[in-house]
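# Reading the structure
Here is what each chain is made of, one letter per residue.
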Amino acid sequence: MNKNVIRSITVIAVLFCLLWLIGLGSAVGEYYAGKPAKVPETNTVSKKVENKKGLTIVALGDSLTRGTGDETGKGYVGMLLDEIKEKSKRPAQLTNLGINGQTSNQLRKQVQQTEVGRQIQKADIVLVTIGGNDLFRGGQGLTDFKTKEIAAIEKKYLDNLKFTFEQIRKNNREANVFFIGLYNPFIDLDQGKEMSKVVRHWNYDSAEVSAAFPKIIFVPTFDLFELKVSDYLYADKFHPNTKGYRLIAERVASLLTW
Amino acid sequence: MNKLIQNEMMKLIAKKRLIVIALIIGVLVMLFTYAQYKQVQTQREKLGTSDWRTILQQQIVDTTNRLSSSRMQDEWKKQLQISLKQQQYYLDHDINPAEPGAPTFMRVFLESSIDLFIPLMVMVIASDLVSSEHSLGSIKLLLTRPVKRWKVLLSKYITLCLAISLIIAISGILSYLISGAVFGFKGWGAPILTGFNVTESGLNTSAVKLMSMWRFLLMDFGLVWFVAIVVGSLSFMLSVLIRSTAAGMGVMLAALISGAILTNMVSSWESAKYLFMVNLRLTDYMKGTAPPIEGMNLSFSIIVLFVWWAAALFVSFFVFTKKDVY
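For every chain, the first residue of the written sequence is number 1, and numbering continues from 1 onward in sequence order. Labels follow written order: the first chain is A, the first ligand is 1, and so on. Local features are withheld for residues below a pLDDT of 70 in this predicted model, meaning they are given only at 70 or higher, and side-chain atom pairs are given and counted only at 80 or more; totals for whole chains, interfaces and linings count all residues. Side-chain measures here rest on the full set of heavy atoms in the structure, leaving out hydrogens and waters.

### A closer look at the overall build of chain B
Secondary structure follows DSSP: runs of H or I at least 4 residues long count as helices, runs of E at least 2 residues long count as strands, and numbering of each begins at the N terminus. From N to C terminus, chain B includes 13 helices and four strands. When we talk radius of gyration, it's over C-alpha atoms, and the globule rule is simply 2.2 Å times the number of residues to the 0.38. Taking 2.2 N^0.38 as the reference for a compact globule, 326 residues should give roughly 20 Å; the C-alpha atoms of chain B span a radius of gyration of 22 Å, in line with that estimate. Seen through its C-alpha atoms, chain B measures out along the principal axes to roughly 70 × 45 × 30 Å. Counting all 326 residues of chain B, 52% fall into the buried class. Two residues form a contact once any of their heavy atoms are found within 4.5 Å. Counting contacts in chain B only where the partners sit at least 6 residues apart, residues at least 24 apart contribute 76% of the total. Accessible areas in this description were obtained via Shrake-Rupley with a 1.4 Å probe; residue shielding takes into account the shown protein chains only. Split by element, the accessible area of chain B, about 14,600 Å² in all, is 64% carbon and sulfur. For chain B, the centre of its 30 positive side-chain charges and the centre of its 19 negative side-chain charges are spaced 12 Å apart. Type-normalised accessible area, obtained with a 1.4 Å probe on protein chains alone, sets the label of each residue: buried when under 20%, exposed when over 50%, and partly exposed for intermediate values. All tallies of charge rest on Lys and Arg as positive and Asp and Glu as negative; His and the ends of each chain are not included. Think of each charge as sitting on NZ of Lys, CZ of Arg, CG of Asp or CD of Glu.

Here you go:
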């Protein structure tokens, strides 16, 4: 074995040993360094539009947007996406920002986020479902829907909805916005009739808010679930099942133009 | 002393262990590179975009949804909340947490190999440094020379440290070259955030600072090196204590693997934090993930490892100088 080879390998090893020691030292030093350098804040949405191919869809809202209850996990948004891809023969990109249990108040906060704004900005189609959690509150809405309280909740909800639409329009003037209305999952229960009245009222007011904005379309779903509601609901008797989502997706698909 | 070290280096190189290790690392890095490449591709296909902001936003929403599930362990929930907050912080500051390129791959590779893979490679060299002399019978030849025993052992230990430095360097260079061929060699100057503080109430972002990738990597390498040295010293000790190389390796392997398992379940057994194997994931502190046991931080882990290291060295030298060799 050549002595020089061994010597040079040893020297290289020593050098690396020193380098790693420096690394270790700086790691410990950095971890306990007192004052952090300021991280630059960026609140400006980059205006750079990437080269888009095909349609961009952004879905906002609650568990309905998420697809909770659908065995395939797609929800009406996923089904709609498939249909668009098939019909338009163009690639389509979906950003699903739906969060389970989201109320209109949380959505109001979500649309104010910089990145969410950027997503909306590049969208061709925006899909929104909201209000179910405001109204039903996981079943609590069944007991107090007659009281004065519900009026206050509705006022808040409509206010949030208006603000959300304003934000969407501020970021994107062109996109078609489809706002999916509420259905009454409790229609078969004892108080179903009275509950339906409240839901219809909310839907009417929501449609009014939507109508105040250009290209924001209110999509009713109340009638879809009016007959045989149990056939279209998931085991939790609240969210739609695969069939139910298909109904919603078909209704929205029929409204699309390109 | 110089001669002794050279002699040991010669033995090490003649055994061709380093080449074997380099081959293992090379093959594994190729596997990881391919896996990573596939992952990026499927993600791109699924989301229909390669825009990292969109992908990150989608991840944040997905995590939020997972958090809303009620059937989730508290531990796991907390971990997710921390990573969620971190992701949101990256997004708010317009910094890509995984800038594509070889340096990011190196970082991920280092972070995931620090507690098992790199220690294993170190063990390949350390575990038979002394015991093989026993099994070959050459220990007698070595000890009959007019050199103090502790000097013999020290030369072996220094050689081990040098070999470990080389192993870390090899893994760095190989992962850079191989992954660079696929992901590109750029990205040394990419910004990265460090200094996330995990406290009882969640993630504290007040001390977060911006850093260049190359500095972050240098620090990661230093930490990996330190862990490798500690593990190497421990298996060095076992190689002095136990004559059979296989038995020594077995003990060390069991300890390392138990460490990997323990970190997932020790959160309620607090005194486990004094075991060396739960403290191996030093790079996690730089990244800012929740430690396996509450109250652990970088200096704590380094001190624990340091104590284990000192004890291992003390035992090795004490036993080796006193032991009867026959």
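### Digging into a nonpolar patch on the surface
Residues Val11, Val14, Leu15, Leu18 and Leu21 of chain A make up a contiguous nonpolar surface patch of about 430 Å² in total accessible area. If you trace the backbone, valine 11 of chain A turns up in helix H1 (residues 3-31). Every patch collects residues that have over 30% relative accessible area and no salt bridge, joining them within 9 Å if they carry like charges and within 5 Å if they are nonpolar side chains (Val, Leu, Ile, Met, Phe, Trp, Tyr). By definition here, a salt bridge exists when the distance from a side-chain nitrogen of Lys or Arg to a carboxyl oxygen of Asp or Glu is within 4 Å.

### What to know about the environment of methionine 219 of chain B
With respect to the helices and strands, the residue methionine 219 of chain B is situated in helix H10 (residues 213-241). Separated by 86 residues in the primary sequence, methionine 219 of chain B and glutamate 133 of chain B place their C-alpha atoms 36 Å from one another. Ignoring anything within four residues of it in the chain, the contact list for methionine 219 of chain B reads Gly23, Ser26, Ala27 and Glu30 of chain A together with Met211 and Met286 of chain B.

### A look at the domain arrangement of chain A
Partitioning chain A into domains gives domain 1 (1-37) and domain 2 (55-255). Just so you know, the domain bounds were taken from an automatic or database domain assignment. For domain 1 of chain A and domain 2 of chain A, the distance between their C-alpha centroids amounts to 58 Å.

### Some details on the pairing of strand S4 (residues 209-212) of chain B
A regular strand places its side chains so that they alternate between the two faces of the sheet. All names here are of chain B. On S4, burial follows the alternation: Lys209 and Met211 on one face are buried, whereas Leu210 and Ser212 on the facing-out side are not. We call two strands paired when DSSP finds no fewer than two bridges between them. Sheet topology note: the strand S1 (residues 191-194)/S4 ladder contains four bridges and is antiparallel. Bridge pairing in S4 places isoleucine 192 opposite methionine 211.

### Quick notes on the nonpolar core
What tends to happen in soluble globular proteins is that the nonpolar side chains get buried as a cluster. Grouped together as the largest cluster of nonpolar side chains are 105 residues, with contacts concentrated most on Ile168 and Leu282 of chain B. If one sorts the elements of this core by residue count, H10 of chain B sits on top with 19 residues. When residues no more than four places from it in sequence are discounted, the contact partners of isoleucine 168 of chain B are Trp20 of chain A together with Ile118, Phe221, Val224, Trp225 and Ala228 of chain B. What is meant by a nonpolar core is a set of buried Ala, Val, Leu, Ile, Met, Phe, Trp, Tyr and Cys residues, joined one to another through side-chain atoms within 4.5 Å. Grouped together as the second largest cluster of nonpolar side chains are 36 residues, Leu161, Phe165, Ala175 and Met195 of chain A included.

### Brief notes about the state of the cysteines
Criterion for a disulfide: a pair of cysteine sulfur atoms at a distance within 2.5 Å. Inspection of every chain in the model, using the stated rule, returns zero disulfides over all chains. Between cysteine 17 of chain A, a cysteine without a disulfide, and cysteine 161 of chain B, which holds the nearest cysteine sulfur, the sulfur-to-sulfur distance is 6.4 Å.

### Regarding the packing of aromatic side chains
Both the distance between ring centres and the angle between the ring planes are used here to describe each pair of aromatic rings. The criterion for an aromatic pair is that two Phe, Tyr or Trp rings (for Trp, the six-membered ring) have centres within 6.5 Å, with stacked assigned to planes under 30 degrees apart, edge-to-face to planes over 60 apart and tilted to the rest. Applying the stated criterion across every chain, the model contains 22 aromatic pairs over all chains. Taken together, the ring pairs in this structure connect Phe32, Phe105, Phe109, Phe117 and Phe183 of chain B into an aromatic cluster. Between the NZ or CZ atom of arginine 108 of chain A and the centre of the ring of phenylalanine 163 of chain A, over which it lies, the distance is 4.2 Å. The criterion for a charge sitting over a ring is simple: Lys NZ or Arg CZ within 6 Å of the ring centre, and within 35 degrees of the ring normal. Across from the ring centre of phenylalanine 300 of chain B, 5.3 Å away, lies the NZ or CZ of lysine 273 of chain B, which sits over that ring.

### Remarks on the interface of chain A and chain B
Taken together, the contact pairs 47 residues of chain A with 51 residues of chain B. The term buried area denotes the loss of accessible surface (1.4 Å probe radius) that occurs when two parts are joined, taken as the sum for both partners. Roughly 4,200 Å² of surface becomes buried between chain A and chain B when both sides are summed, with 65% attributable to carbon and sulfur atoms. For the interface between chain A and chain B, the tally reads five salt bridges. One salt bridge in this structure joins arginine 118 of chain A and aspartate 51 of chain B, with 2.5 Å as the shortest N-O distance. N or O atoms closer than or at 3.5 Å make up a polar contact, with two conditions inside protein: a donor-capable atom paired with an acceptor-capable one, and, for residues adjacent in sequence, both atoms drawn from side chains. At the surface where chain A touches chain B, the tally comes to 11 residue pairs in polar contact (both at pLDDT 80 or more). Secondary structure elements with two or more residues in the side of chain A that touches chain B: H1, strand S2 (92-96) and helix H5 (114-121) of chain A. Of the residues forming the side of chain A that touches chain B, the biggest block, 21 residues, is contributed by H1 of chain A.

### Some points on unusual backbone geometry
Residues and elements named next belong to chain A. Positive phi values are uncommon outside glycine, yet lysine 89 reaches one of about 55 degrees. One can find lysine 89 in the loop between helix H3 (75-88) and S2. Overall, lysine 89 belongs to the exposed group, its relative accessible area being 68%.

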